[in-house]
Amino acid sequence: MTVQDLQTTGRNRRLMTFKSALMVFSCLIFTTFAFATNAAVVKSMRFWQSPESTRVVLDLSAEVEHSIKVLTNPYRVVIDIPASSVVVDLSELEIKSDLIKKVRQSTPVNPGDLRLVLDLTKESDPKSFSLKPYQDYGDRLVIDLFDKKKVAAKEELKAVPPKESKRDIVIAVDAGHGGEDPGALGPSGSHEKDIVLKLSKDLVDEINKEKGMKAILTRTGDYYLRHRKRTDIARNHRADLFVSVHADGFKNPKARGASVWILNTRGVKSEIARWMQLQEEKSELLGGVDSKIRLSHYDSSVRSVLLDLQMENSIAESMQIAQKVHKKMDKVAPKMHKPHVEENNLLVLKNPDIPSILVESGFISNPQEEKLLKSKKYRKKLAKAVKDGIKQYFKAKAPDGTLYASMYRQSIYRIQRGDNLSKVASRFDVSIKELKVANNLKSNTVRIGQKLIIPTAN
Ligand SMILES: [Zn+2]
């Protein structure tokens, strides 16, 4: 037992003493109250089971005060009702509940009071309230028991946005490094972690200006996130693309040029690529990830992912996106490191379910490039270029169900004899208004042979 444990125990004991004093006090109040009212009788008990809760209803002969508490080991709920009794045969109850095992009577603190115990099958949160007589019912006491696990699972589901018919394309923007891990250092003293966070925020702003696109940041401030956590955040937001943003340094300050990288699981050739791998490993060590976790994560992801066809698809998509981003960046960056997309075996890119690219905005170790990256104006230009590349890709390959799909995915239909606008609309499951907007139609009249653009959202 540690000192802290002892302190906690001491505190608990004090708390318990206070609680028992409070209980005795409240019992006194209840008793006083009970003397002032007629003793109540529990005439019957009913149970209602819902997917994540059980409702227990006590039918009473009169209005009562009550108190309720939860006990563990085993889980049980204790209901105290002053100056009352029960006429129900508790052993004969038909308990329809996956939370309640048994209902029994127990010895109350004050003789004459009623103590009922609900023996539970698992942990639950009780909520109780009284109901006044209504129609066929007399006074009732209601206890709702919520299954803690199921409620938590439901909350999780709620956190996931509902599948809308026209959702935004989600881009997860990941500013490399952070906290304990500064990343590369520029000759004038700037830290990669700060520059890439600024650039990432600029990229998020650019993306969020686009209708049908939404960007999120994995890291929002100066703290470290392990690589797997970064992609987990992207996954939780159901990202369509993961963009890691860096501005690495190299041992040679002359090295320069921006670059775009995708995953290559077959091994690495260039010196820069090997250098980047080293930096990634260093990041995790600096950032404070347990080395055992880091290595086992790496090993298992390499093994399971290599054989995965999904990974191959993800890499193919990543390549198409990276090529478009590379082309756009080439227009604003003074120099691209290579005339093509580069490949590397980086943990942060190893995502079989999300296409992933890594943008090296330049070499922070190069004095000219450091100066550029420190300029807000340049960062904005670069961020816009990256966004333009991403946008170009998704315009051509809009995922199903996105607003982009409805805006940019189109097919042509030729009007047949007997067609009218409403028939065409219902045939393609679009509204007449959408058809008119897509075709710039002023009226509902169409003629045979006329070609209509059909906006297809799904
Ligand atoms: Zn970096």
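Further up the page is the structure itself.
Each value, and the rule that gives it
Residues numbered from 1 in each chain as written. Predicted model: local features only at pLDDT ≥ 70, side-chain atom pairs only at ≥ 80, totals over all residues. Heavy atoms only, no water. Buried < 20%, exposed > 50% of the residue type's maximum accessible area, 1.4 Å probe, protein only. Helix = DSSP H or I, 4+ residues; strand = E, 2+ residues; numbered from the N terminus. Pairing = 2+ DSSP bridges. Axes fitted to C-alpha atoms, helices over the stretch in contact; angles between N-to-C directions.

K.L.:
Quick question: what am I supposed to make of the pairing of strand β7 (residues 114-120) here?
P.N.:
In the case of a regular strand, side chains alternate between the two sheet surfaces. Taken across its seven residues, β7 has seven buried, putting it largely inside the fold. Here β7 shows no split at all, with Leu114, Leu116, Leu118 and Leu120 on one side and Arg115, Val117 and Asp119 on the other all buried. Examined bridge by bridge, strand β4 (residues 76-81) and β7 share six bridges and lie antiparallel to one another. From the neighbouring strand, Ile79 faces β7, where its bridge partner is Leu116. Bridging between strand β6 (residues 100-106) and β7 involves six bridges; their strand directions are antiparallel. Bridge pairing links Val103 to Leu118 in β7.

K.L.:
I keep staring at the sheet that holds β4 and nothing clicks. Help me out?
P.N.:
In a beta sheet, neighbouring strands pair by backbone hydrogen bonds and run either parallel or antiparallel. The strand order across the open sheet built from four strands is β3-β4-β7-β6, with neighbouring strands paired in antiparallel fashion. At either end of the open sheet lies a strand with only one pairing partner, and these are β3 (67-71) and β6. Neighbour to neighbour, the strand axes of the sheet diverge by 20° on average, direction disregarded.

K.L.:
Even after reading the chapter, I still don't get unusual backbone geometry, so can you show me in this structure?
P.N.:
With the exception of glycine, the majority of residues adopt a negative phi angle, and the majority of peptide bonds are in the trans configuration. The omega torsion across Asn73 and Pro74 is -5°, close enough to zero to call that bond cis. Summarising the element assignment, Pro74 is placed in the loop between β3 and β4. Backbone geometry at His177 places phi at a positive 60°, although glycine is not the residue there. With respect to the secondary-structure elements, His177 resides in the loop between β10 (169-175) and α3 (192-208). Positive phi outside glycine occurs at Asn440, with the angle close to 55°. With respect to the helices and strands, the residue Asn440 is situated in the loop between α12 (432-439) and β17 (451-455). Residue class for Asn440 comes out exposed when judged on its relative accessible area of 59%.

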